[in-house]
Amino acid sequence: MEYVLLTTRSSRLIVIPLSFLRRLDSLKYTSIVALTSIGYLVILVVAHFIKGDTMADRGPIHFIEWQGLISALSVFPVIVFAYTCHQNMFSILNEIANDSHYRTTSVIVTSIGSAAATYVLVGVTGYLSFGDTIGGNIVGMYAPSLSSTIARAAIVILVIFSYPLQIHPCRASLDAVLKWRPNSNKSPANTPSPNRNPLLPRTSPPNEGMSDMRFAIITTVIIVLSYIVAMTVSSLEAVLAYVGATGSTSISFILPGLFYYKISSPESAAHQRLMKEDDELDAEEHSNEVDPSADASQGLLGQSYARFMSRSTSQWRRDLLRKLSLGLVVYGVVVMVVCLVTNTFFLASDMKG
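Residues numbered from 1 in each chain as written. Predicted model: local features only at pLDDT ≥ 70, side-chain atom pairs only at ≥ 80, totals over all residues. Heavy atoms only, no water.

- In the nomenclature of an unreviewed UniProt entry, the protein chain corresponds to Amino acid transporter transmembrane domain-containing protein from the organism Trichophyton soudanense CBS 452.61.
- Turning to the protein chain, the UniProt record has this under Subcellular location (unreviewed entry): "Vacuole membrane".
- According to the UniProt record, the Sequence similarities (unreviewed entry) comment for the protein chain reads "Belongs to the amino acid/polyamine transporter 2 family." (UniProt positions renumbered as here; feature names shortened; annotations may be inferred.)

What follows is the structure in structure tokens.
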């Protein structure tokens, strides 16, 4: 008990100052330390597998065998949570030096690819080390030694330095929700296109950032609530399962589909602005592609037909994407309900047993 209290107090001395940093870029050095901890954990699991010192405690191994629908659904939220990086993407786009499409795509592919490789490597070697007797925390299953003690410390460091990364988007989201008011985002349909410079300067004041007092209050509330959850819940597996079933499914499936379905509505002001921008770009391309040496009537007829076909194809694709986005929302809701039911009735019974 004294060890737990000492660890909690020492971790608070690190977590609280890091949680009050405004920029995500300020956490790059702590992220390097966290990645180093992950690297050590991966090496530890692979080394024990190669050494084969867990054979005495290894249970039966099923290479390709269906374990049942309940087992698959109980771990699905954890897998979804593992690859949910969307909440930090806006901050990364705002702070990255080169925000080109190629650069951002390479960042996404590298992060998701490295995470997938790490999970597959640790998952396969860990399962082959312990078989069906493997638990939610594989490090706790190794025999007490210096390497396993360092691994436990690495997990603590990883959690401590990962927490501020999660507070950053959570704080921004709460601030946006608290500032939101009904009908506050409505704007007239004749708003000029973003690609067009207005003839007169806009008189509306720029959006002000979060004040210091508001920043401190929201951050303190998040830290206090997180501390209460951490002190009352003893199973990390249960936390990951419920967070994956609710937050991760919302971020990955439900909210993206709802956002696109809302924005792509013909009655939406944002949709009208985007359509106006597309029309202006088409008009510019049309004026630049006119060949003065060609026959006037034939050129206009051919260009009009090409624009008509392009517009028809674009409309067909928009309608298809709109239906697919609604289907993604329905799929996300079904996944959330099924995972919550599975975690509530089956995961809780396994923990009691």
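## Overview of the confidence of the model for the protein chain
At step 1: With 73% of its residues at a pLDDT of 70 or more, the protein chain has an overall mean of 76.
At step 2: Of all secondary-structure elements in the protein chain, the lowest mean pLDDT belongs to helix α9 (residues 269-288), at 63, while helix α2 (residues 28-51) reaches the highest, 91.
At step 3: Predicted confidence is poor over residues 187-207, with pLDDT under 50, and the contacts of this stretch with residues over four places away or in other chains come to 15 contacts.
At step 4: Considering only residues more than four positions removed or in separate chains, one finds that residues 294-302, a stretch of pLDDT under 50, has zero contacts. (pLDDT = per-residue confidence, 0-100. Helix = DSSP H or I, 4+ residues; strand = E, 2+ residues; numbered from the N terminus. Contact = heavy atoms within 4.5 Å.)

## A word on the nonpolar core
Buried together is how nonpolar side chains tend to be arranged in soluble globular proteins.
At step 1: Grouped together as the largest cluster of nonpolar side chains are 17 residues, with contacts concentrated most on Leu 41, Ile 138, Val 139, Tyr 142, Ala 151 and Phe 161.
At step 2: When near neighbours in sequence (up to four residues on either side) are disregarded, Phe 161 contacts Ile 14, Leu 18, Thr 30, Val 33 and Ala 34.
At step 3: Ile 167, Phe 215, Ile 218 and Ile 223 belong to the second-largest nonpolar core, a separate cluster that totals six residues. (Core = buried A, V, L, I, M, F, W, Y, C linked by side-chain atoms within 4.5 Å. Buried < 20%, exposed > 50% of the residue type's maximum accessible area, 1.4 Å probe, protein only.)

## Points about the UniProt feature "transmembrane region" (unreviewed entry) in the protein chain
At step 1: Residues annotated in UniProt with the feature "transmembrane region" (unreviewed entry) correspond here to residues 29-50, 66-85, 106-130, 142-163, 215-233, 239-261 and 324-348.
At step 2: Spanning residues 142-163, this segment combines 82% helix with 0% strand, and its end C-alpha atoms are found 26 Å apart.
At step 3: Its end C-alpha atoms 27 Å apart, residues 215-233 is made of 95% helix and 0% strand.

## Some details on the side chain of Thr 30
At step 1: Within the secondary structure layout, Thr 30 lies in helix α2.
At step 2: In terms of polar contacts, Thr 30 uses its side chain to reach the backbone carbonyl oxygen of Leu 27, at 2.9 Å. (Polar contact = N/O pair within 3.5 Å; in protein donor to acceptor, adjacent residues only side chain to side chain.)

## Examining the environment of Asp 57
At step 1: Among the structural elements, Asp 57 can be located in the loop between α2 and α3 (69-82).
At step 2: Along the primary structure Asp 57 and Tyr 142 are separated by 85 residues, whereas in three dimensions their C-alpha atoms are 9.7 Å apart.
At step 3: Among all residues touching Asp 57, those that are not within four sequence positions of it are Phe 130 and Thr 133.

## Overview of the packing of α2 against helix α6 (residues 146-179)
At step 1: At their nearest, the axes of α2 and α6 sit 8 Å apart, and the two run at 145 degrees to each other. Our pair here, α2 against α6, has a crossing hand that is left-handed. Between α2 and α6, the contacting residues are Thr 30, Ser 31, Val 33, Ala 34, Ser 37, Ile 38, Tyr 40, Leu 41, Leu 44 and His 48 on the first element and Ser 147, Ile 150, Ala 151, Ala 154, Ile 155, Ile 157, Leu 158, Phe 161 and Leu 165 on the second.
At step 2: For the contact of α2 with α6, the per-class residue count stands at 14 nonpolar, five polar and no charged. (Axes fitted to C-alpha atoms, helices over the stretch in contact; angles between N-to-C directions. Left-handed = near helix turned anticlockwise from the far one by under 90°. Nonpolar A, V, L, I, M, F, W, Y, C, P; charged D, E, K, R; others polar.)

## Brief notes about the environment of Thr 219
At step 1: Locating Thr 219 in the fold gives a position in helix α7 (residues 212-232).
At step 2: Considering only alpha carbons, one finds Thr 219 and Arg 171, 48 residues apart in sequence, at a separation of 6.5 Å.
At step 3: The contacts of Thr 219, once residues within four sequence positions are left out, are Ser 19, Phe 20 and Arg 171.

## Let's talk about the packing of aromatic side chains
At step 1: Under the criterion given, the structure shown has three aromatic pairs.
At step 2: Each ring, one from Phe 130 and one from Tyr 142, has its centre 5.5 Å from the other, and the planes form 50 degrees; the classification is tilted. In this pair, Phe 130 is assigned in helix α5 (residues 101-130) and Tyr 142 in the loop between α5 and α6, connecting sequence segments twelve residues apart. A single burial state applies to Phe 130 and to Tyr 142, both of which are buried. (Phe/Tyr/Trp six-rings, centres within 6.5 Å; stacked < 30°, edge-to-face > 60°.)

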